[in-house]
Amino acid sequence: QQQVKQSPQSLIVQKGGISIINCAYENTAFDYFPWYQQFPGKGPALLIAIRPDVSEKKEGRFTISFNKSAKQFSLHIMDSQPGDSATYFCAASNTNAGKSTFGDGTTLTVKP
Amino acid sequence: DVKVTQSSRYLVKRTGEKVFLECVQDMDHENMFWYRQDPGLGLRLIYFSYDVKMKEKGDIPEGYSVSREKKERFSLILESASTNQTSMYLCASLRRNTDTQYFGPGTRLTVL
């Protein structure tokens, strides 16, 4: 049973374009929705996160949009740069449970 | 900065060998996790621990065991390595009642 579904599996965007990655979850007990960024040879690192009491969070070129009723959230990368090329994982967790469920990951390639 | 270190970046073992993967964190985090990462399958939780000598099975515990004798150290054990355990193994830690997991750089294990 996959509790967090992520799409697309891979994404190619031109420099300056918008990258959009989508996730859907099933468990309404989740209360924290982070995105992790992973560069080759490194472990994932937290990029940006949101809680379900807000519909959007923006940090620089990165924005999370959250739709509680649809149980969906997405990552938007504005003005995508080649340095953004990485694998992105969405996740969902319940703080009390102390663990996260991850999506399958999206490999983003930004072409110069 | 939180630092999570893993004992080896690359490891090559033979079928049937006993394999130990070590993880150490330096931020006094209560929770620690072992994941395996395979292309298209995301991060799958093998085991986690929320305290010394405590452990809980994740989604794919078969063929693995863990040990947590000290708070800072969490070990993953493959009792008898098999070729289908060839994968990237990631360790992570988390402070209790917070949400951000901190990952190590990973160990790429090849079982021949």
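Every chain's residues receive numbers from 1 upward, in the order its sequence appears when written. Just so you know, chain letters begin at A and ligand numbers begin at 1, following the order they were written in. For this predicted model, a pLDDT threshold of at least 70 governs which residues receive local features, and a threshold of 80 or more governs which side-chain atom pairs are given and counted, while totals over whole chains, interfaces and linings are taken from all residues. With hydrogens and water set aside, each side-chain value is computed from the structure's full complement of heavy atoms.

Caption draft 1: Structural view of the pattern of salt bridges. Residue and element names in this part refer to chain A. Just to be clear on terms, a salt bridge is a Lys or Arg side-chain nitrogen sitting within 4 Å of an Asp or Glu carboxyl oxygen. Counted under the stated rule, the structure contains nine salt bridges over all chains. Across the pair aspartate 84 and arginine 61 runs a salt bridge, and its minimum N-O distance is 2.8 Å. Of this pair, aspartate 84 sits in the loop between strand E8 (72–77) and strand E9 (86–94) while arginine 61 is found in the loop between strand E6 (56–59) and strand E7 (62–67), placing the two residues 23 residues apart along the sequence. On the accessibility criterion, aspartate 84 (5% relative accessible area) is buried. Residue classification places arginine 61 among the partly exposed residues on the basis of a relative accessible area of 26%. Under the scheme used here, helices are H or I runs from DSSP no shorter than 4 residues and strands are E runs no shorter than 2 residues, and both carry numbers assigned from the N terminus. Each residue is assigned to one of three classes by its accessible area relative to the maximum for its type, calculated with a 1.4 Å probe on protein chains only: buried under 20%, partly exposed between the two thresholds, exposed over 50%.

Caption draft 2: Layout of the interface of chain B and chain A. Residue contacts are defined here by distance: any two heavy atoms, one from each residue, within 4.5 Å place the two residues in contact. Facing the 21 residues of chain B at the interface are 19 residues of chain A. Defined here as a combined quantity, buried area equals the accessible surface (1.4 Å probe) lost by two parts on assembly, summed across both. Approximately 1,600 Å² of surface area, both sides summed, lies buried where chain B meets chain A, with 50% of it carried by carbon and sulfur atoms. Among the residues chain B hides against chain A, the three largest losses belong to Leu43(B), Asp99(B) and Phe103(B). Together they make up 32% of the total. At the junction of chain B with chain A, the criterion picks out one salt bridge. Between Arg51(A) and Asp99(B) there is a salt bridge, with its nearest N and O atoms 2.2 Å apart. Those elements that provide at least two residues to the side of chain B that touches chain A are strand E4 (31–38), strand E5 (42–49) and strand E9 (87–94) of chain B. Grouping the amino acids of the side of chain B that touches chain A by side-chain chemistry returns 10 nonpolar, nine polar and two charged. Asp, Glu, Lys and Arg are counted as charged, while Ala, Val, Leu, Ile, Met, Phe, Trp, Tyr, Cys and Pro are counted as nonpolar; the rest, among them Gly, fall into the polar class.

Caption draft 3: Just the pairing of E9(B), in detail. Residues and elements named next belong to chain B. Most of E9 is tucked away: eight of the eight residues are buried. Here E9 shows a buried face lined by Ser87, Tyr89, Cys91 and Ser93 and a second buried face lined by Met88, Leu90, Ala92 and Leu94. When DSSP locates at least two bridges between a pair of strands, those strands are taken to pair. Relative to E9, E4 runs antiparallel, the two sharing seven bridges. Considered in E9, the bridge of phenylalanine 33 is made with alanine 92. Taken together, the three bridges between E9 and strand E11 (residues 107–111) define a ladder with antiparallel strand orientation. Residue pairing in the sheet places serine 87 in a bridge with leucine 109 of E11. By the bridge criterion, two bridges tie E9 to strand E10 (residues 102–103) in an arrangement that is antiparallel. Following the sheet pairing, serine 93 is matched in E10 by tyrosine 102.

Caption draft 4: Up close: the sheet that holds E7(A). Residue and element names in this part refer to chain A. Strand order in the open sheet made by the five strands is E1-E3-E8-E7-E6, with antiparallel pairing throughout. A single partner strand is all that each edge strand has here, and the edge strands are strand E1 (4–7) and E6. Adjacent strand axes in the sheet meet at a mean angle of 15 degrees, parallel and antiparallel pairs treated alike. Summarising the sheet, E1 and strand E3 (residues 19–25) pair through four bridges and their orientation is antiparallel. Looking across to E3, one finds that glutamine 6 is bridged to cysteine 23. Fitted lines through C-alpha atoms give the axes, limited to the stretch in contact for helices. The angle between two N-to-C directions lies from 0 to 180 degrees.

Caption draft 5: Local environment of the nonpolar core. Think of a nonpolar core as a cluster: buried Ala, Val, Leu, Ile, Met, Phe, Trp, Tyr and Cys residues, connected wherever their side-chain atoms sit within 4.5 Å. Counting residues in each nonpolar core, the largest one holds 24 residues, and the members touching the most others are Phe33(A), Trp35(A), Phe73(A), Leu75(A) and Tyr88(A). Among the elements that make up this core, the one with the highest residue count is E9(A) (four residues). With residues near it in sequence (within four places) discarded, Tyr88(A) still touches Gln6(A), Ile21(A), Tyr36(A), Gln37(A), Leu47(A), Phe62(A), Leu75(A), Ile77(A), Gly105(A), Thr106(A) and Leu108(A). Formed by 20 residues, the second largest nonpolar core is a distinct cluster that contains Val19(B), Val66(B), Ala81(B) and Val111(B).

Caption draft 6: Examining the packing of aromatic side chains more closely. Residue and element names in this part refer to chain A. A pair of Phe, Tyr and Trp rings is counted when the ring centres sit within 6.5 Å of each other, with Trp represented by its six-membered ring. The angle between the planes then sorts it: under 30 degrees is stacked, over 60 is edge-to-face, the rest tilted. In total, this model carries 16 aromatic pairs over all chains according to the counting rule given. Geometrically, the ring pair formed by tyrosine 36 and phenylalanine 102 is tilted, given 5.6 Å between the ring centres and 50 degrees between the ring planes. One end of the pair, tyrosine 36, is in strand E4 (residues 33–38); the other, phenylalanine 102, is in strand E10 (residues 99–102), and 66 residues separate them in sequence. These aromatic residues form a ring-pair network of at least three members: Tyr25, Phe30, Phe33, Trp35, Phe66 and Phe73.

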